[in-house]
Amino acid sequence: MPDATPAELERRSNLRTIREVVPYLWPKEPRWVRVRVVLALVLLLAAKLVSVVTPLIYKGAVDSLEGVSDLMLGAVGLTVAYGGARLMNVGFQQARDAAFSRVGQRALRQLARETFTHIHRLSLRFHLTRRTGGLSRIIERGVKGVDFLLRFMLLSVGPLILELLLVAIVLFVLFDWRYLAVVSGTIALYVWFTFRVTEWRVQIRRRMNAEDTDANQKAVDSLLNYETVKYFGAENREADRYDRAMQGYETAAVQTANSLAILNTGQSLLITAGLVAVMVMAALGVQDGSLTVGDFVMVNAYMIQITMPLNFLGTVYREIRQSLVDMREMFDLLGQPSEVQERENAKPITVPAGEIVFDNVRFAYDPERPILKGINLTVPPGQTVAIVGASGSGKSTIGRLLFRFYDVTGGAIRIDGQDLRDVTQSSLHDQIGVVPQDTVLFNDTIGYNIAYGRGGATEEDVIEAAKAARIHDFVMRLPEGYDTAVGERGLKLSGGEKQRVGIARTLLKNPPILLLDEATSALDTQTEQEIKVALDRAGEGRTVLIIAHRLSTVAEADLIVVLEDGEIVELGTHGELLQLQRRYAQLWANQAAERREAS
């Protein structure tokens, strides 16, 4: 079997995308969705039947005025009936839209939620390699694409096709095959021309979308790094960088506008030619007596009735094509497998003691570059174990593996005898509290950020956690107290204040295991000592794993592990390791000298 052409592959992809949308419109539950879909289709059919009958009533009214109609209603009655038919047509269409709107909005909301939830399930590796601005645009365009497809394909293109078929039948029955041939030929040429030009326009639109995404990513990236931009006086550089991205978008947008002019001109030429041809045929028929003036008016009404929606066909076709592209991006995102998979028989973890065992743990982000090379370590319940070492030794990787951002590539990590790969991820995350090096806060209030540690936390719970983290007094001195907004990523607070909020948030979570990942390395010495007191209190009665660069923060740990090049090279208390006069003692001496120089 020969390889499929790109066009064939795209058609298959489009059909697959449409099939993926169908379950949202025709679900087994709730049943009201199917009822509304059926009702919308019935109303659609009624609207189109009325629209096809309306020109016939118009013909009867005109013929009555000339005295050639046998209809009993008369000219006035038929005119009223004509107005009633037009009103019924609009009424059925509006009722159809009202019946379907809840179905469509439910589908959009469900798709958006599933995509948003799935993105949160994807691995840390995925999020480190993708840009937030690009992801948000994929979701935004994908949901808009589904919305457009529902509104125009089901409520515009489908009805248009049905109306064309009904009008074709009427023309063939009431007149002859020549009228049908001209109308069919006009529509065929119109559709062919529209699709060919639109295919060209779709390519331009794709370039425009790519430039738009690139510009948006650069804008988001620059705004997130506002302080860095200011530090280096790079406002003009950032503006130029953004402008270069927008320049590509501008070029593509101009090409889109020019191609639209070509499309509209060609469409008008074809439609006008077909309309004139049919009207000339009808005029000749009136002249030779084979048709009435009412027939002439009816043919004109039918041509206008079918050509008006055809004028939007190019726009609709292009938008449907683009919608399918946008939807495919979103469904591809939904189909992106999570790197950390949960086993079918996974059970919630139980942590009665809090013992952590690293059993010959091996890990590599890239198979050719191993990070951890066989770590064997036991963290006893209720004790504090520190992991120290130079940058790149694998310290933070151990923390990420414990929280199961990644799965080990060799060996196992166990908590109270349970392999992390055998338990549910949500239950594991509930049992571990993390205080990272840079606590990132939501752009909300201090109270909201502390309460984030536990769903349903009361105001009293928040205050108690804040007191334990030694930030309550600071908060109460603020004019708005716990209602003080912290700004995007917590930028309105100092580093130490953010860390205290992070500690309070973790204390509110009340986990049996605490992971401190370089929690004080970004702070000054005085603030570090103040935060250390809060951390010591947070660690009471818990198993604590400290990942640290500054050795002064771990001197009181029950056990210190020295990591180098992914392997444990020393193990012991602070005093024991100093006596060994090896790697730890060297690191301690170096940092002591740095502290003396800084003072």
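Residues numbered from 1 in each chain as written. Predicted model: local features only at pLDDT ≥ 70, side-chain atom pairs only at ≥ 80, totals over all residues. Heavy atoms only, no water.

- The name given to the protein in an unreviewed UniProt entry is ATP-binding cassette, subfamily B, and the organism recorded there is Poseidonocella pacifica.
- In UniProt, the protein has this text filed under Subcellular location (unreviewed entry): "Cell membrane". (UniProt positions renumbered as here; feature names shortened; annotations may be inferred.)

**Let's talk about the overall build of the protein**
Thought 1: Per the secondary structure count, the protein includes 19 helices and 10 strands.
Thought 2: By sequence separation, contacts in the protein at least 24 residues apart represent 77% of the contacts at least 6 residues apart.
Thought 3: With the model as given, the accessible surface of the protein reaches about 31400 Å², and the carbon-plus-sulfur share is 56%. (Helix = DSSP H or I, 4+ residues; strand = E, 2+ residues; numbered from the N terminus. Contact = heavy atoms within 4.5 Å. Areas by Shrake-Rupley, 256 points an atom, 1.4 Å probe, with all protein chains shown as cover.)

**Some points on the sheet that holds strand 2 (residues 372-379)**
Thought 1: Sheet architecture is open: 4 strands sit in the order 2-1-4-5, paired in antiparallel fashion. Edge positions in the open sheet fall to strand 2 and strand 5 (418-419), since each of these has one partner strand only.
Thought 2: Bridging between strand 1 (residues 356-363) and strand 4 (residues 410-415) involves 5 bridges; their strand directions are antiparallel. In the strand pairing of strand 4, Arg362 is matched with Gly410. (Pairing = 2+ DSSP bridges.)

**Re the pattern of salt bridges**
Thought 1: One pass over the structure, following the stated rule, counts 14 salt bridges.
Thought 2: One salt bridge in this structure joins Glu235 and Lys230, with 3.1 Å as the shortest N-O distance.
Thought 3: The exposure class assigned to Lys230 is partly exposed, which follows from its relative accessible area of 42%.
Thought 4: In this structure, the salt-bridge partner of Asp419 is Arg421, at a minimum N-O distance of 3.0 Å. Across the pair, Arg421 and Asp419 agree in class, each one buried. (Salt bridge = Lys/Arg side-chain N within 4 Å of Asp/Glu carboxyl O. Buried < 20%, exposed > 50% of the residue type's maximum accessible area, 1.4 Å probe, protein only.)

**Overview of helix 16 (residues 495-509)**
Thought 1: Between its first and last C-alpha, helix 16 extends 21 Å over 15 residues, near the 21 Å set by a 1.5 Å rise per residue.
Thought 2: Most of helix 16 sits out of view: 13 of its 15 residues are buried.
Thought 3: Directly after helix 16, the chain includes Asn510, whose backbone phi takes a positive value near 60°. (Expected span 1.5 Å × (residues − 1).)

**Focus on empty space enclosed by the protein**
Thought 1: Across all of its chains, the model carries 1 cavity of 30 Å³ or more by this definition.
Thought 2: What lines the largest cavity is Leu401, Arg404, Tyr406, Asp407, Val408, Ala412, Ile413, Asp419, Leu420 and Arg421. (1 Å grid on protein atoms, 1.4 Å probe; cavity = no way out; pocket = protein on both sides within 12 Å on 5 of 7 lines; lining within 4 Å. Points joined across faces, edges and corners; volume = space filled by probe spheres on them.)

**Thoughts on the packing of helix 6 (residues 177-224) against helix 9 (residues 293-310)**
Angle between the axes and distance between the axes: these two values describe a pair of packed helices.
Thought 1: Their axes nearest at 12 Å, the elements helix 6 and helix 9 cross at an angle of 5°. What the angle tells us is that helix 6 and helix 9 run roughly parallel. In this structure, helix 6 contributes Val183, Ile187 and Tyr190 to the contact, and helix 9 contributes Met303, Ile306 and Leu310.
Thought 2: Per-class residue counts for the contact of helix 6 with helix 9 are 6 nonpolar, no polar and no charged. (Axes fitted to C-alpha atoms, helices over the stretch in contact; angles between N-to-C directions. Parallel < 35°, antiparallel > 145°, perpendicular 65-115°, else oblique. Nonpolar A, V, L, I, M, F, W, Y, C, P; charged D, E, K, R; others polar.)

**Some points on the UniProt feature "transmembrane region" (unreviewed entry) in the protein**
Thought 1: In the numbering used here, UniProt assigns the feature "transmembrane region" (unreviewed entry) to residues 37-58, 70-92, 148-173, 179-198, 269-287 and 299-320.
Thought 2: Summarising residues 179-198: 100% helix, 0% strand, and an end-to-end C-alpha distance of 28 Å.
Thought 3: With 100% helix and 0% strand, residues 269-287 has its two end C-alpha atoms placed 27 Å apart.

**With respect to helix 11 (residues 395-402)**
Thought 1: Taken across its 8 residues, helix 11 has 6 buried, putting it largely inside the fold.
Thought 2: Within helix 11 the residues assigned to the buried category are Lys395, Thr397, Ile398, Gly399, Leu401 and Leu402.

**Quick look at a negative patch on the surface**
Thought 1: A cluster of like negative charges, contributed by Glu459, Glu460, Glu480 and Asp483, occupies part of the molecular surface.
Thought 2: Looking at the secondary structure, you find Glu480 in the loop between helix 15 (472-477) and helix 16.
Thought 3: Among the residues examined, Glu480 registers a relative accessible area of 54% and is labelled exposed. (Patch = residues over 30% accessible without salt bridge, like charges linked within 9 Å, V, L, I, M, F, W, Y side chains within 5 Å. Lys, Arg positive; Asp, Glu negative; His and termini not counted. Charge placed at Lys NZ, Arg CZ, Asp CG, Glu CD.)

**Focus on the packing of helix 8 (residues 235-287) against helix 9**
Thought 1: In the contact formed by helix 8 and helix 9, the axes pass within 9 Å of each other and the chain directions differ by 170°. Classified by the angle their axes make, helix 8 and helix 9 are roughly antiparallel. Along its contact with helix 8, which presents Ile271, Gly274, Leu275, Val278, Met279, Ala282, Ala283 and Val286, the element helix 9 presents Val293, Phe296, Val299, Asn300, Met303, Thr307 and Leu310.
Thought 2: Counted by class, the contact of helix 8 with helix 9 contains 12 nonpolar, 3 polar and no charged residues.

**Thoughts on unusual backbone geometry**
Thought 1: Of note in the backbone geometry, Asp416 takes a positive phi value of approximately 50° without being a glycine.
Thought 2: You can see Asp416 is positioned in the loop between strand 4 and strand 5.
Thought 3: You will see that Arg470, though not glycine, has its phi angle at about 60°, which is positive.
Thought 4: Looking at where Arg470 falls in the secondary structure, it is placed in the loop between helix 14 (459-468) and helix 15.

**What to know about the nonpolar core**
Thought 1: Judged by nonpolar contacts, the single largest core of 38 residues is most densely connected at Ile446, Ile450, Ile503 and Ile560.
Thought 2: Considering every element that reaches this core, the biggest residue donor is helix 16, with 5 residues.
Thought 3: If we ignore the near neighbours within four places in the chain, the residues touching Ile450 are Val462, Ala465, Ala466, Tyr482, Val501, Ala504, Arg505 and Leu508.
Thought 4: Within the second largest apolar cluster, 32 residues are counted, among which are Ile371, Leu372, Ile513 and Leu563. (Core = buried A, V, L, I, M, F, W, Y, C linked by side-chain atoms within 4.5 Å.)

**Here's the deal with the packing of aromatic side chains**
Thought 1: Throughout the structure, instances matching the rule amount to 9 aromatic pairs.
Thought 2: Measuring from centroid to centroid gives 5.3 Å for Phe403 and Phe405, while their planes differ by 50°, and the two rings are tilted.
Thought 3: Given the relative accessible area of 13%, Phe403 is considered buried.
Thought 4: For Phe405, a relative accessible area of 36% translates into the label partly exposed. (Phe/Tyr/Trp six-rings, centres within 6.5 Å; stacked < 30°, edge-to-face > 60°.)

**Topic: the sheet that holds strand 6 (residues 432-435)**
Thought 1: With respect to topology, 6 strands assemble into an open sheet ordered 6-7-8-3-9-10, the strand pairing being mixed. Strands with a single pairing partner mark the edges of an open sheet, and in this sheet they are strand 6 and strand 10 (567-572). Shown here is a sheet whose adjacent strand axes are inclined to one another by a mean of 20°, direction ignored.
Thought 2: In the packing of helix 11 onto the sheet, the strands contacted are strand 3 (384-388), strand 6, strand 7 (513-517), strand 8 (543-548) and strand 9 (559-564), and the crossing angle to strand 8 comes to about 145°.
Thought 3: Helix-sheet contacts for helix 16 involve strand 6 and strand 7, and the interaxial angle to strand 6 is about 175°.

**Looking at the pairing of strand 1**
Remark: a regular strand shows side chains that alternate across the two faces of the sheet.
Thought 1: Looking at chain direction, strand 1 and strand 2 are connected through 6 bridges and run antiparallel. What sits directly across from Val357, in strand 2, is Thr378.

**A short note on the environment of Gly411**
Thought 1: Within the secondary structure, Gly411 is located in strand 4.
Thought 2: Overall, the relative accessible area of 36% leaves Gly411 in the partly exposed class.
Thought 3: In this structure the C-alpha to C-alpha distance between Gly411 and Asn376, which are 35 residues apart in sequence, comes to 9.3 Å.

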